[in-house]
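Structural characterization, general
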Amino acid sequence: MGENKSDVLQGTLDLMVLKTLESMGPLHGYGIARRIEQVSGDALNMNQGTIYPALLRLEQRGWVKSEWGTSGTNRRAKFYSLSRIGRKKIEEETENWERIAATMARFLAQTN
Amino acid sequence: MSSSFMDTVRALISRCVAILSRRRQDADLEDELRAHIDLATAENIQRGMTPDAARTTALRAFGGVAQARDSYRAQRGFPTLQQFIRDLRFAFRQLRRSPAFALTAILTLALAIGAVTSIFSVVNTVLLRPFAFRDPHRLVVMREVEEEIRSERSSVPDNYRHYVRLKRDARGLEDAAIFQQAGFSVSASGDHPHIVGGLVSSPNLFNVLGVQPMLGRGFVEGDAKKGEDNVVVLSYAGWRTLLAGDPKAVGRTIQLSGDAVTVVGVLPPGIQFPQIAMAPGIAMGPQREVMIFAPHVPSDWDLKMDTGAYNYQVIARLRQGVSLKQATAELDTLQRAYTISAHLPTHLGISLVPLGNDVASGISGALWLIFTAVCSVLLIACVNLANLQLARAVSAERETAVCAALGASASRLVLARLAESLVIAFVGGAAGVALAFGGVRLIVSLVPANVPRLHEIEISLPVLLFATGLSIVSALAFGFLPALHSLRIHPQTALQANPSRTGNTREGRRTRSLLVASQIACTIVLLIITSLVLRSFSHLLRQDRGFNSSHVTLAQVDLFAPQYSDKLATVKAVKLAFADRVLSDLQQLPSVQSVALTSAVPLTGETWVDDLTRPDHPLPPAERPMINLRWINPEYLGTMQIPLVAGRNLSASDRAHPNVALISERAAREGFPGENPIGKQISNIVPDSKETVTVIGVVADTRINGLKNTAAMVYMPYWAYTPWMLSFLVRSAEPSDALIPGVRRVIWGIDPQVAIPTLKSMDEQVSDSVATDRFQAIVLASFGGSALLLAVLGIYGVLAYSVSLRRQEFGIRIALGSGKLALMRVVLLEAMRPILLGSGAGLALSIVAVRLVRSLLYQAPVADPFSIGGSLLLLFAAAMLAAIIPARNAAAVDPMRALRMD
């Protein structure tokens, strides 16, 4: 991996994927990766390939479902969507993440 | 993100599913990745890139396709496990490439595990598996103790009155049942009767055991009354044999020794009453499965006698939470208090033994010894395999070094090497279990018939689990050291060095020597114990018995039939007439030299034990010597070839005045110390008679009750009293096999309604009486032999390997002018070190071991120079034989070829 392509924290990527699927609806792997790149701007420069183990992990837990379908350009691709459990988990995980972020922010403010 | 338990479970299931559909999933992933690149390329083209640039950009943005695929797969299945399975497969292929090694290792292990598993299945059934009664650990066998004779008899059977009192007073006992073992004569539809094992017990027996009848009911208090006691409960086997499993058995009538009794209940399958000895050292009589239970009605005698009359056995249930020790202490106190308050002439105590221990007491020592022996054989086998594996690890050193250099982790290296041992262990273990099925049958055929629960022995689930555990443990035992070896390899040195030199480091040599030494130590211990056992057994067989069993046939006749019922007034005359006729008719058989009668089957232990009471020299009961009483005819001495020492034999002229007796030398010594017993009187010895008996002769001591001991005997003519159990001894020039049909014909010709429970040659009876000792000797000898063989193979293997590693060195030595003999000496000296070390350790160990097993052996000394010397000599000879071949190979090294090597 390149120097400035910082390894995305595992949990972070999972939540990004879930949020993307929540706002965009069913999407294929490339679409998810592009959307994450777009939303994060240049701040997060990840290998698009890392999205697939993350997707598999979420699918194994039953948080997302996948299905083969056709893309806008008429290419057959695997489409991912949120499952019922996934929808519930987003709330939980968001809360969780916000708590961590707030805690980190407090620490950073203190050292400054 | 925190993942809940359910998430983990879902992920685990999905991973497992993934392993099964790996190929389809791989294709799926490829499709998905291709779609990703295609979609990205299409979008890039749309942005105005050339197709080539678009694709390159897409691939770059994706990152490594191979890495993505790898981490995807890692996420999908169980990488470590799958890796280990790959290791196992690789190990399997490696083993197939060296079939000689694999076969040796697997076969060694299969034999060892097979032997251990077979023995364990016996140990498990006989010693470990609890009885099928409710809370069997709370059941104890209760016997009384007479302090005065404690040194001679650690405990005696129970007195009825004492039992009743203890059962009433002891708070530590929940309940206790009293019983007597019995043989019932059963004849099915006019056939010759046979004897079926039974029990006459207090009605609460089934409550004490916690057994519910399958059909009908158990006993109630009302059954134990005179006139009401003609009811029986059958065991499951009894129900099958006697009533052919009739579902309407309850209420049916059967004939028991001529009396009609009603079946009131049938016990469920799997419930079997164990054989319980009257007391340690007193014979159990013939071993028969208990099929019939009858209620016991106490006789007037039972209710009256407060001393002696130790005629019963008691099984008791401890109260919940009461320990054996507490119960023993309480009952002991009660017995002591009673001794004083009732002014008893002897001091009473108590002995409680857990039911399981009591039933197995005769065989448990021998079985544990055999089990230990077979485990040490397995240990020796594992040491051999460890040595072989170590050698393989050394020759695979370069391979391991390459793996390490390429970044394989320590755990990967160890697991990869351990995989091979696991494969060997599992294949060997599986083959061992297969062998054990045959082994169990072989052992059951060897095990003496008096071993309790013999027919229950099988390869059960616990045995299989044991075998699996054993395989894993042995894989670790012989695979771990070699596997650890791969950790110590420094890739650089290993890759540069000559493999034979790395193999022959001082450390490697020391490990191998230590392994061989431990093997030798184990073998020495096993050999010394084996030779002690063999010597003790041969001594048992060869010492003077005082009687001659060859050419004698033994027939036991049981007169428990209505025509000999003690309710008949003429019973005495009827029994006497029967005995007379059998004696004279047997004498008429061709080639019969003499026919004798005795009241006890020889070699079945002490029976009819009584005090020797002298009217001219009264002694308190505790000081009276114990004697065994036998009812014989005048031909008994001649038939058994027992010499008369003093006085005269019985003669036909005594028939009119039969109150005369012969006594054995020991009885003379103990009953008439320093006196001439001839002409002296003995009182209180003939049942139902107050007349005294005159001693007319002294006969030599014999080991007629058991080869291990002589007993003080009193012999009286059967004219004075004819017992219901008669043993006829026929001396004939013809072999027993030829004689037996004639004997049977004669007896059933006189009365077809008597049972003949025993009919065989006296030699066979002698041989059967030492069955446990023989079993122990045979099994131990075979394990001792196996241990020696394995040790020899081990020494040979290690030396041969060491010589092959040092070929170059030997080549140089020869080139420098070393003689062949000198070279052989180098190798033999190398062999000597572990042998001497191991022998020393083994000798030290055997001092402890021999002490532990001594109680199992008949007249075995603690330190038997013959056994020790013989074992050492045997081992040295075998070891030298094993060393001589590698030594000669070393001397035969061709220097030119050896130096050019590698």
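Located above this text is the structure these notes cover.
Read on for an overview of the structure. (Residues numbered from 1 in each chain as written. Chains lettered and ligands numbered in written order. Predicted model: local features only at pLDDT ≥ 70, side-chain atom pairs only at ≥ 80, totals over all residues.)

1. Side note on the overall build of chain A
Within chain A, the regular secondary structure consists of 4 helices and 3 strands. The linear arrangement of helices and strands in chain A, starting from the amino end, is α-β-α-α-β-β-α. The burial tally for chain A puts 31% of its 112 residues in the buried class. Residue pairs at least 24 apart in sequence account for 54% of intrachain contacts in chain A once pairs closer than 6 positions are excluded. (Helix = DSSP H or I, 4+ residues; strand = E, 2+ residues; numbered from the N terminus. Buried ≥ 20, exposed ≤ 12 C-beta atoms within 10 Å, placed from the backbone. Contact = placed C-beta atoms within 7 Å.)

2. Observations concerning the overall build of chain B
The helix and strand inventory of chain B stands at 29 helices and 21 strands. For chain B, the C-alpha atoms occupy an extent of roughly 135 × 80 × 60 Å along the three principal directions. A burial count over chain B gives 43% of its 902 residues as buried. A fraction of 82% describes how many contacts in chain B between residues 6 or more apart in sequence connect residues 24 or more apart.

3. Details of the pairing of strand β20 (residues 725-732) of chain B
Here is the key point about a regular strand: its side chains alternate between the two faces of the sheet. Residues and elements named next belong to chain B. Extensive coverage of β20 is indicated by the burial of 8 of its 8 residues. Of the two faces of β20, the one carrying Met-725, Ser-727, Leu-729 and Arg-731 and the one carrying Leu-726, Phe-728, Val-730 and Ser-732 are both buried. Pairing of strand β11 (residues 552-558) with β20, which is carried by 7 bridges, proceeds in the antiparallel orientation. Counterpart to Leu-554 in the pairing with β20 is Leu-729. Pairing analysis gives 6 bridges linking strand β12 (residues 592-598) to β20, with the strands arranged antiparallel. (Pairing = 2+ DSSP bridges.)

4. Remarks on the interface of chain A and chain B
Listed by partner, the interface residues are 25 residues for chain A and 26 residues for chain B. Elements represented by at least two residues in the side of chain A that touches chain B include exactly α1 (10-24), α2 (29-40), α3 (51-61), β3 (76-82) and α4 (84-111) of chain A. In terms of residue count, the dominant contributor to the side of chain A that touches chain B is α3 of chain A (6 residues). Tallied by class, the residues present in the side of chain A that touches chain B amount to 6 nonpolar, 12 polar and 7 charged. (Nonpolar A, V, L, I, M, F, W, Y, C, P; charged D, E, K, R; others polar.)

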